[in-house]
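Inside the fold
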Amino acid sequence: MPPNYDGEDEENRSTTFSELKHLCLELLDLLQNPKKNTSTLAQLHLFLRRSSPDSLQPFFDYTLFPLLLLLDAAVNCRSQSKVDLEDRPVMSNALKTPHKVSDAVAEGTLQCLEELLSKCHLGSVDQMVVVLKKLTYGALLSPSEAAEEFRDGIIRCFRELLLSICLCSNESCSCKEINGWPALLARRDWEPPLTQISKYDSEPEDCLVLFLQSQTASAAVGHWLSLLLKIADVEASRGHRGSAKLRAEALTTLRLLVAKVGTADALAFFLPGVVSQLGKALLVSRTMISGAAGSLETMDQAIRCLAEFLMIVLEDDANLSGLEGSMDAAAGLRSNNEKSPTSFLEELRKMPYKIRDQSEIVVRDSRSEVTEMSTPKFGSKQKSNTNSDSAIGSLHVVRTIDWIVKTSAHVDKLLSATFPHLCVHPAKKVRQGLLAAIQGLLSKCSCTLKNSRLMLLECLFVLVCDDSEEVSGDAQLFLEYLFTSRARHHIKDGIAEIFCSLVENLPKVVLGGDESLALSHAQKLLVVVYYSGPQLVKEHLLQSSVMAARFLDAFALCFSPNSQFAGSLHKLILSRPSSTGYLPSIAEMKATNCFGNEPSKVLEFPAVENNRVLSSLENEQKEYELPCMPPWFVFVGSQKLYQSLAGILRLVGLSLIADSRSEGSLSVVIDIPLAYLRKLVSEVRAKEYSKESWQSWYHRTGSGQLVRQASTAACIINEMIFGLSDQAVDGFARMFHKSRLRWRGRAEFDDICHRNMDHPVPDESVWKFCQERGVSSQLIDCIGSILHEYLSPEVWNLPLELKSALQQFECEAGDVSLHFIQDNAMLHQVLIDGIGIFNLCLRQEFSSCGFLHLCLYVLLENLICSNFQIRRAVDGVLHVISATSGYPTVGHLVLANSDYVIDSICRQLRHLDLNPHVPSVLAAMLSYIGVAHKILPLLEEPMRSVSVELEILGRHEHPDLTIPFLKALAEIAKASKHEASLLPTQAESYSEHVKSITSNVEKEPAKDSGCSISSCDSDIHMDSVECKGDAFSDIDKHVEQWELILFKLNDSKRYRRTVGSIAGSCIMAATPLLASPKQAICLVALDIVEDGIVALAKVEEAYRHEKKTKELVRQAFESFSLHALQDNLDADEDGTEENRLLPAMNKIWPFLVACFRNRNPVAVKRCSGVISSAVQICGGDFFSRRFHTDGPHLWKFLSASPYLKKPISKQERTPLQLPYRSSSIASSEDSAAAEISDLKVQVAVLNMIADLSKNKRSASALEAVLKKVGGIVVGIACSGVLGLRDASVNALEGLASMDPDLVWLLLADVYYSLKTKDMPSPPTMDFPEIPQILPPTVSPKDYLYVQHGGQNYGFGIDFSSVETIFKKLRSEVFTAEV
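Each residue is numbered by its place in its chain's sequence as written, counting from 1. Residues qualify for local features only when their pLDDT is at least 70, as the model is predicted, and side-chain atom pairs are given and counted only at 80 or more; totals for whole chains, interfaces and linings, by contrast, use all residues. Here the side-chain values reflect all heavy atoms present in the structure, with hydrogen atoms and water set aside.

Things to note about the overall build of the protein chain
Helix numbers and strand numbers start at the N terminus; a helix is a DSSP run of H or I with at least 4 residues, a strand a run of E with at least 2. For the protein chain, the helix and strand inventory stands at 62 helices and five strands. Contact criterion: two residues are considered in contact whenever any of their non-hydrogen atoms come within 4.5 Å of each other. Partitioning the intrachain contacts of the protein chain with sequence separation of at least 6 by distance along the chain shows that 78% fall at a separation of at least 24.

Concerning the packing of helix α13 (residues 296–313) against helix α18 (residues 428–444)
Axis angles are defined between N-to-C directions and span 0 to 180 degrees, where every axis is a line fitted to C-alpha atoms and, for a helix, only to the segment in contact. Contact geometry for α13 and α18: axes closest at 8 Å, N-to-C directions at 0°. Judged on the interaxial angle alone, α18 and α13 are roughly parallel. Counted together, L296, E297, M299, D300, I303, R304, A307, L310 and M311 of α13 and K429, V430, Q432, G433, L434, A436, A437, G440, L441 and K444 of α18 form the full contact between these two elements. The residue makeup of the contact of α13 with α18, split by class, is eleven nonpolar, three polar and five charged. Here the word oblique covers every angle except those under 35 degrees (roughly parallel), over 145 (roughly antiparallel) and from 65 to 115 (roughly perpendicular). Note on residue classes: Ala, Val, Leu, Ile, Met, Phe, Trp, Tyr, Cys and Pro are nonpolar, Asp, Glu, Lys and Arg are charged, and everything else, Gly too, is polar.

Overview of unusual backbone geometry
Here the phi dihedral of R843 falls at roughly 55°; this positive angle occurs in a residue that is not glycine. By the secondary structure assignment, R843 is in the loop between α38 (818–842) and α39 (844–848). If you check the backbone angles, R1159 has positive phi at about 60° while not being a glycine.

Observations concerning helix α4 (residues 60–78)
To estimate how far a helix should reach, multiply one less than its number of residues by 1.5 Å. With 19 residues, α4 should cover 27 Å at 1.5 Å per step; its first-to-last C-alpha distance of 27 Å lies within 8% of that length. Burial analysis of α4 places 16 of its 19 residues in the buried class, which makes it a mostly covered element. Remark: exposure states derive from per-residue accessible area (1.4 Å probe, protein chains only) relative to the maximum for the residue type, with buried under 20%, exposed over 50%, and partly exposed in between.

Concerning the packing of aromatic side chains
Aromatic rings from Phe, Tyr and Trp, with only the six-membered ring used for Trp, were paired whenever their centres fell within 6.5 Å, and each pair was classed as stacked if the ring planes differed by under 30 degrees, edge-to-face if by over 60, and tilted otherwise. If you walk through the whole model with that rule in mind, you get 26 aromatic pairs. When the centroid spacing of 6.0 Å and the interplanar angle of 35° are considered together, the rings of Y530 and F732 count as tilted. Taken together, the positions of Y530 in helix α22 (residues 515–532) and F732 in helix α32 (residues 726–736) put the pair 202 residues apart, joining distant regions of the chain. Each member of the pair, Y530 as well as F732, is classed as buried. Seen in terms of ring centroids, W694 and F820 are 5.8 Å apart; in terms of plane orientation they differ by 45°. Their pairing is tilted. Of this pair, W694 sits in helix α30 (residues 694–699) while F820 sits in helix α38, placing them 126 residues apart in sequence.

Re a positive patch on the surface
Note on patches: the residues involved have over 30% relative accessible area and no salt bridge, like charges join within 9 Å, and the nonpolar side chains Val, Leu, Ile, Met, Phe, Trp and Tyr join within 5 Å. All accessible areas in this document rest on Shrake-Rupley with a 1.4 Å probe, and a residue is counted as covered only by the protein chains that are shown. We define a salt bridge as a contact between a side-chain nitrogen of Lys or Arg and a carboxyl oxygen of Asp or Glu at a distance within 4 Å. Charged residues are defined narrowly, with Lys and Arg counted positive, Asp and Glu counted negative, and His plus the chain ends left uncounted. Where a charge lies is defined by one atom per residue type, namely NZ (Lys), CZ (Arg), CG (Asp) and CD (Glu). There is a patch of like positive charges on the surface, built from K995, R1104, K1108 and R1257. Relative to the helices and strands, K1108 is located in helix α49 (residues 1079–1119). With a relative accessible area of 53%, K1108 lands in the exposed category.

A look at the pattern of salt bridges
The full count for this structure, using the stated rule, is 32 salt bridges. Among the salt bridges present, the one from E235 reaches R151, with a minimum N-O distance of 2.7 Å. Of this pair, E235 sits in helix α9 (residues 218–237) while R151 sits in helix α7 (residues 148–163), and the two are 84 residues apart along the sequence. The exposure classification of E235 matches that of R151, with both residues buried.

A word on the state of the cysteines
To count as a disulfide, a pair of cysteine sulfur atoms needs to be within 2.5 Å. Following the criterion strictly, the structure yields zero disulfides and no others. For C628, which is in no disulfide, the shortest distance to another cysteine sulfur is to C715 and amounts to 8.8 Å. On the accessibility criterion, C628 (19% relative accessible area) is buried.

Here we look at the nonpolar core
Here the nonpolar core consists of buried residues drawn from Ala, Val, Leu, Ile, Met, Phe, Trp, Tyr and Cys, with membership extended through side-chain atoms lying within 4.5 Å. Core analysis: the largest hydrophobic core is formed by 374 residues, its most contacted members being F419 and F1187. Residue contacts for F419: discarding those within four places in its chain leaves L282, L306, L434, A437, I438, L441, M455, L456 and C459. Among the nonpolar cores identified, the runner-up in size contains ten residues, and Y990, V994, A1116 and F1117 belong to it.

A closer look at the environment of G1280
Inspection of the secondary structure assignment puts G1280 in the loop between α57 (1266–1277) and α58 (1285–1298). For G1280, a relative accessible area of 46% gives the class partly exposed. In this structure the C-alpha to C-alpha distance between G1280 and G1356, which are 76 residues apart in sequence, comes to 7.1 Å.

Some points on the confidence of the model for the protein chain
Low pLDDT means the predicted atomic positions in that stretch should not be read closely. pLDDT: the predictor's confidence for each residue, scored from 0 to 100. Within the protein chain, residue pLDDT values average 75, and 72% of them lie at 70 or more. Considering only residues more than four positions removed or in separate chains, one finds that residues 1–5, a stretch of pLDDT under 50, has six contacts. Ignoring residues within four places in sequence, the model shows residues 1223–1231, a span with pLDDT below 50, making 18 contacts including any to other chains.

Digging into a nonpolar patch on the surface
On the surface, a nonpolar cluster with roughly 270 Å² of combined accessible area is contributed by L25, L28 and F65. What makes L28 partly exposed here is its relative accessible area of 32%.

Thoughts on the environment of D1238
Tracing the backbone shows D1238 in helix α55 (residues 1235–1254). With 79 residues separating them along the chain, D1238 and R1159 place their C-alpha atoms 9.9 Å apart.

A few points about helix α31 (residues 703–722)
The first and last C-alpha atoms of α31 sit 29 Å apart over 20 residues, in line with the 28 Å expected at 1.5 Å per residue. By the criterion of burial, α31 is predominantly enclosed, with 18 of the 20 residues buried.

Quick notes on the environment of F851
Position of F851 relative to the elements: it lies in helix α40 (residues 851–861). The buried category is assigned to F851, whose relative accessible area is 8%. For the pair F851 and N839, spaced twelve residues apart in sequence, the C-alpha to C-alpha distance is 8.6 Å. Apart from the residues lying within four places of it in its own chain, the contact partners of F851 are I780, I783, G784, L787, L842 and F846.

Right, here's the structure in full:
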């Protein structure tokens, strides 16, 4: 006991000893009476926890003694065999306990012992041996003999024992050569223990660390290695009953034991057993997902323990001399050709030599230190194998070259069987442990484990692409370290070998069906290419066209649509998206205010800031990602697999422009896959020349394969070109530069590999440097050649529907395979994606080089494709192009390039036989962009072609194009309506403006008016005109200002006439189709007519305002004697052309009546609305005679109840039809109509009557038929049909506004005829009684409404309905009239 202590310490020691004495005596008493219920152990544990190490260390032996006695007693009573003559001495009778020690006492003992060992240091080797012996007995207990908590306590005590072993104070001791802590210690595992000896602790006579490394302790070390592995294995074998916690504790303690021993000489003998057991644990974990064997913590500990053991035994520094003795091993480190003769002789001196007749090998290491490793002799029979004797010899192995080679081979087999599978383990913790193991093995055992080096690198490549940022960041950081100049020579030779092997086996792995294996394989290749740089790609893939073709063929096998048949049915079902959906552009069009019906300014395109464009582009790419996975690849693998494969192609494309020496390489390599597209184009041309059917062409050998090869080639080209874009380079930076964040966020790195490490990577990546070189012209030329093939008409003429494929040639018979149609659709989808990718690469140059003008019409053309996936692809690409070009919406993009689009449409409209889809393209474009009114002047030429095609001859020649042409015409009519609605406001505003100018000039002819002549804010280009201070004082300026006013007036007149002409042409072309029996045609024609009527009305209204303006200008010209200007004003005076509305309505009316006569319910409903709108616009006087003449065709729909079918009269019976005539008689359709359809028709007609009668402008149209219409409506209102009550009351309110007396008489006649009681008395005696005014009827035919409106069918009289309606009208209408 050290004498150096003061008085205060002495007092503390006394207090501590007195309390410990009491507790230790209680423990000894408990040893004699184990059943005694005492809290001594809990008190001792509490005392030990709150005591400091300095206060406990002097009494370590005193406290340890009773605890070891209790532990020995607990172990003995739990052991199945009390006495073991070989391993355990027979315990004396005094130490034998008569009663069994309880679990609580045993576990409390271990807790106290653990706390004591954690606070105190072992004083000597003998003391450590005693504690080890007692713990060994406890560790030997099986799960059936001891509880889990007891066995766990034994292991924790042993762990604290190891932690208490500190390095000695002797600086020359060899214990300083080891760290004493696990090399792969995670930051979450342990905190470093106290390393200094207590002031009360005397220096141990022997170094405890050195004792663990000695031959004397080899048996104990080996025994504990075996025990810990056995405990872990037993818990794993117990399945779900096994304890994952105990297994993890055993492996954790095993790692600490290995670290404390820490030398290759002491651990090499145990390498086969330890490695095999740990390898077994890792192999079992592949099939076990639960229980102790599948525990994530135990797997992590097992991986780290295996790596740490190998790092110590097979460390390069410890075995380097032995390896250098072998020429093969030396060749693995460095080339002999690079060595000088002096260095070669020096290495020869370092080679091991064997002294004859002795089994002693002397190895000199690089530090000229000599280590003697003796092997015992067991006689002449054991000369060949010193470790084969049955007796226990030295637990030491001679690490010769042969031993290292054989051991490395066995280790390589073990690691190759486990590590690749652990790379894709779903648990992040396991992958983190694996990464730490790979870092340690590559840093410490790169030479000894030369055979495993490539495998370890491949595993590291997989972890670089890990989903977890922690794993991938650390993996990238370590890989960047390996690629630095200090460590590059260790892996330089293996990178090329790995690269070639990965490329060669890529198709086999991808098509093998194992998703995880294929993904890891692709990720390996991606990482190798990225970190090796473009030089590796050029040397091994692009050095010749043959090598490049071989590489692209390998990727063609991976991307080929043929691989879709390797997928499962589950993938097939998941790959079928819903056919329903909407294009985002449609929602965008509806939500955009500038495309609404409100007056707006001339559309301008302000300069868009770069950050706004980038933000818009990012949003569009999120909505529709470019490049996207080809539609057929879903059968092969996941999106992650495709992204990895695509990343390789992108890096290959970027490698082609790495330096100036590779100029032209891009075009040369791109031509290899582009040849498949050229071959397809030539084959389709040959087919068209020979007029061969699609069926015959497809079934011809290799023809169907051409389409698939072209799709694969397009996919490869798209990815290679996308690699040259900023998005691709930035994507790689985000993916592979996570290590920089990890570098900045960590205060220090593991000592394994980063202790002498500079910053791992330069600030700028070599790939970014390559991308920034002047390769714009090379890229533009390459994309131009690609687009030449992408936009070939032969490619886009491939059929996407069976109907189009079968109707091309009349001679064709049979059926076309659906696979052919599907392959064509996928090809088109990939080509469309390619256009978007090229736009991303060139950005603004895509438009300036003319590529946008070439592609825009093709994209708009596919908006009407029958395949939804193609439409969706086009929609996404258009949004991306608009974003990169600086346009806020697709509508702005198309509007800015509308002249090119309209020119293409007009050119193809002249050849409809070759381009039958043009009408649909025109309709889709006009409806898609939503700004047809902005390009209305450009639509005059297409309008003429559309009008011709909608005539009789055109409809007969192209019957299938009627509806597409009508849809295009509807968009034009809608645009003309939009523009016409702005004209009256503009004309009126301009008229008021001219009027104010004229009045100012007349009042102050000699003064400065100070006014400005500005045009209204319109789309007809009337720029502002400002009067200068001396505008009218100078006669020249005076004339100039009035000339400008006249010019603007004539410009407005021309634009108004253009709008009126287009609207009139739309009405003229659509009017005959109002009588079409086909519902779709009739409905579109009605929309066109309605919009045209509104447009013509607005044009005439604008003309009236314009006429007032013209008169003001004429008066001004006369007053100022501007006769020349007056002659120009009257030059084109022609009022006849402005009278458009009523002549057009005169032609439309018969066809509207014909629409009613066709009796199509949907068309009649829509036609009722059109008539209502037209009459209110044109005025009722024009229609008075027409309603009187043709009204019966309209009122006929109100003559019968929808719930009772009226018998067909002789006039309505179907006439005899010739066989080739199609029957479209209304009776046949009416008989098939549902009751609710008839009810809706009657509601529509009643609403039409209500709208016309309530509007004073249109009410005159019903004056000639007022009594008849009133009688019909009253008959419906008095019936019990609830579905017609609201509509009939609404109509009666409107008719009452015209003639309330008539409506009251018709209703009162029915009401008072049915009501016999409570008749109201007249207000005065002068008025007669109601029965005198309305005599009772004898029969229903005597009602006034029947006499005026005629007999109806099925509308009976319901008194409750009559009373309700009469009272409602009396209170709301009749009383108000009075």
